[in-house]
Amino acid sequence: MLKDAPRERLVAAVRAVSEGETLLAPEITRRLVEAFVRRPPPPPGRWLRLEDLTDREREILELIGRGLSNREIAARLFLAEATVKTHAGRVFAKLGVRDRVQAVIRAYEVGLIAAGDQGGAAT
């Protein structure tokens, strides 16, 4: 979290972390990913094929890439938070990544998310 984050966001962050979620402020996620986007693309063998993901998994990945928490994704998609966690876990396994940050980077690499995208509606 950034030190100038509003009180409500800090409280939400503490709650999320206490529930076992990994948390990065959307601003930090965007900065980190934009730095990776400027790197040369990885070798072709490392590309994720988006068709390996279900439509719901792709939607979850996109929302993770936009910096939304599991709780925010659940509210947006009218799902239980546990269902979002299950989908996210499957996405991580299919991507061969260990956390949200690596998943976000992979989403940028395959063009699912573009630099400068905000937390708007999923496409």
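Above this text sits the structure in question.
Residues numbered from 1 in each chain as written. Predicted model: local features only at pLDDT ≥ 70, side-chain atom pairs only at ≥ 80, totals over all residues. Heavy atoms only, no water.

Colleague: Any chance you could explain the overall build of the protein chain here in plain terms?
Modeller: Assigned secondary structure in the protein chain consists of six helices and zero strands. If you list the helices and strands of the protein chain from N to C, you get α-α-α-α-α-α. Residues classed as buried in the protein chain amount to 36% of the 123 residues present. Within the protein chain, contacts between residues separated by at least 24 positions form 67% of all contacts whose residues are at least 6 apart in sequence. (Helix = DSSP H or I, 4+ residues; strand = E, 2+ residues; numbered from the N terminus. Buried < 20%, exposed > 50% of the residue type's maximum accessible area, 1.4 Å probe, protein only. Contact = heavy atoms within 4.5 Å.)

Colleague: Could you clarify how one ought to interpret the nonpolar core in this entry?
Modeller: Most often, soluble globular proteins keep nonpolar side chains buried together rather than apart. I60, L61, I64, I73, F92, L95 and A103 are the most contacted members of the largest nonpolar core, which totals 23 residues. For this core, the secondary structure elements donating two or more residues are α3 (55-65), α4 (70-77), α5 (81-95) and α6 (100-109). Sorting elements by how many residues they give to this core places α5 first, with five residues. Among residues more than four places away in sequence, those in contact with I60 are I73, L77, V84, H87 and A88. (Core = buried A, V, L, I, M, F, W, Y, C linked by side-chain atoms within 4.5 Å.)

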